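Remarks on the overall topology
Letter by letter, the chains look like this.
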Amino acid sequence: MFESYTIKDIAKALGLSTSTVSRALNGSYEIGTETKKLVLEYAEKINYRPNPIALSLKDHKSHSIGVVVCEVANDYFSQAINGIESIAYNRGYHVIITQTHESFDREMVNVQHLLSRHVDGLLVSLSSETTDISQYKYLVDKGFPIVFFDRLANGIETHNISINNFKGAYDATELLINSGFKKIVHLTNSNNLLISKERFEGYKAALDKNGLVFDASWLKYCDHGGMIADEVETAIKELMEPDDKPDAIFVASDRLTINCMHILKKLGIKVPNEIGVAGFTNSDVADLFNPSLTVVRQPAFQIGQMATEVLIKTIESKRPIEEYAVMQLESELIVRESSKKPI
């Protein structure tokens, strides 16, 4: 059984007061060299470790931050978490990661759990089900540090870190148009998400600019963001149903793009011979697909880093924050074989 020793145990064993032991462990100048040596050697012998909860109660900080994302298995979020941890640990903060699996209820439970763990702040990317953001608004209004990244909460005055979703979608759609594709359908996440709306607007603007009239039947939402393969397969089958079939598809999220390629292969639809494909994904194996996949790649690691820097700065600020960081990074369009129309 694991035994945890306290300052009281050390004091009792050495016949010293708890305050003397505490000051010796903290290197206080008030304690003599011999006493310090005695305390430190005994502490090492019994493998004494300070209680982080007791320390947090003392300085009102847990030196931990909570992270709320849809799933760690998502390429974008795994890279963002690496960015978060790279900053947090260097600054002396632990990271507690929770997954919503695109459930609003689970998101609320996760937030409550993180608060019960006395985290000093939250990094949040909303679930696809989330429409009620009152809990976050309440926390921000009370001065609790929150930074939203990627999937932002509209209507809360706090820090937001994302990419230029409109431009990323616009550039990918225009690439397909310039490659000779004319009927370009759009597969995207839940309409609850601000990023879905921004990416749709970018897609539609590219169609408009190039004289292509958007039809509502060209748009399909996947409320679980590609986590349920059957949902994606149904959406793709519905997009491919008309006699006047689409000749290209623009996909607006990480897992959806990868699943779309798998399902097109399963259905025997050849890319790019029968349909061109471009989509958002941070997959490190997009170039290994057959054909290689044209992608909009987001600077996920840097977004994670920036969000964490902003959060820690907010946590450690001696004064109330009056100006909030709203940062938009640029994505990168990587052109490969899936978007090249056969001659």
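Summary of the structure given here. (Residues numbered from 1 in each chain as written. Predicted model: local features only at pLDDT ≥ 70, side-chain atom pairs only at ≥ 80, totals over all residues. Heavy atoms only, no water.)

1. Focus: the nonpolar core
- Grouped together as the largest cluster of nonpolar side chains are 72 residues, with contacts concentrated most on Ile65, Leu123, Phe149, Ile184, Leu187 and Ile249.
- Among residues more than four places away in sequence, those in contact with phenylalanine 149 are Val69, Tyr76, Phe77, Ala80, Ile84, Leu123, Val124, Ser125, Ile161, Ile303 and Ala307.
- If you look at the next biggest cluster of nonpolar residues, it comprises 19 residues, including Val68, Val119, Phe148 and Leu152. (Core = buried A, V, L, I, M, F, W, Y, C linked by side-chain atoms within 4.5 Å. Buried < 20%, exposed > 50% of the residue type's maximum accessible area, 1.4 Å probe, protein only. Contact = heavy atoms within 4.5 Å.)

2. A look at the sheet that holds strand E8 (residues 248-251)
- Taken in spatial order, the six strands line up as E7-E6-E8-E9-E10-E12 in an open sheet, and their pairing is mixed. Both edges of this open sheet fall to strand E7 (219-221) and strand E12 (332-334), since each of them pairs with a single strand only. When strand polarity is set aside, the average angle formed by the axes of neighbouring strands in this sheet is 15°.
- In this structure, strand E6 (residues 184-188) lies alongside E8, joined through four bridges in parallel fashion. (Pairing = 2+ DSSP bridges. Helix = DSSP H or I, 4+ residues; strand = E, 2+ residues; numbered from the N terminus. Axes fitted to C-alpha atoms, helices over the stretch in contact; angles between N-to-C directions.)

3. Considering the packing of helix H6 (residues 104-116) against helix H7 (residues 134-141)
- With their axes 11 Å apart at the nearest point, H6 and H7 run at an angle of 25° to one another. In terms of their interaxial angle, H6 and H7 are classed as roughly parallel. Along its contact with H6, which presents Glu107, Met108, Val111, Gln112 and Leu115, the element H7 presents Gln135, Tyr136 and Leu139. (Parallel < 35°, antiparallel > 145°, perpendicular 65-115°, else oblique.)

4. Considering the side chain of serine 283
- Mapped onto the secondary structure, serine 283 falls in the loop between strand E9 (276-280) and strand E10 (294-297).
- Using a relative accessible area of 8% as the deciding quantity, one classes serine 283 as buried.
- What serine 283 contacts, discounting residues up to four positions off in sequence, is Asp75, Asp254, Ile258 and Arg297.

5. With respect to the packing of aromatic side chains
- Tallying each qualifying case throughout the model produces 10 aromatic pairs.
- Here tyrosine 136 and phenylalanine 148 contribute two aromatic rings whose centre-to-centre distance is 5.4 Å and whose plane-to-plane angle is 85°, an arrangement assigned as edge-to-face. Placement of the pair is tyrosine 136 in helix H7 and phenylalanine 148 in strand E4 (residues 146-149), with a sequence separation of 12 residues.
- Seen in terms of ring centroids, phenylalanine 200 and phenylalanine 214 are 5.3 Å apart; in terms of plane orientation they differ by 70°. Their pairing is edge-to-face. With a gap of 14 residues between them, phenylalanine 200 in helix H9 (residues 194-209) and phenylalanine 214 in the loop between H9 and E7 connect regions that are remote in the sequence.
- Here a set of aromatic residues connected by ring pairs shows up, and it is made of Phe200, Tyr203, Phe214, Trp218, Phe250 and Phe280.
- Sitting over the ring of phenylalanine 280, arginine 199 keeps its end group 3.8 Å from the ring centre. (Phe/Tyr/Trp six-rings, centres within 6.5 Å; stacked < 30°, edge-to-face > 60°. Lys NZ or Arg CZ within 6 Å of the ring centre and 35° of its normal.)

6. Some details on helix H2 (residues 18-25)
- Inspection of H2 places Thr20, Val21 and Ala24 among the buried residues, and these make up the whole buried set. Along the axis of H2, the buried residues cluster in a sector spanning 100°; they form a single face.
- Packed against the buried residues of H2 are helix H1 (7-14) and helix H3 (33-45).
- In the segment just after H2, glycine 27 is the residue with positive phi, at about 75°. (Arc of directions from axis to C-beta.)

7. Some details on the pairing of strand E2 (residues 94-99)
- Pairing geometry for strand E1 (residues 64-69) and E2, over six bridges, is parallel. By the bridge assignment, glycine 66 is partnered in E2 with isoleucine 96.
- Of the crossover connections in this fold, the one passing from E1 over helix H5 (residues 75-88) to the parallel E2 is right-handed. (Right-handed = clockwise from strand over helix to strand, strands pointing away.)

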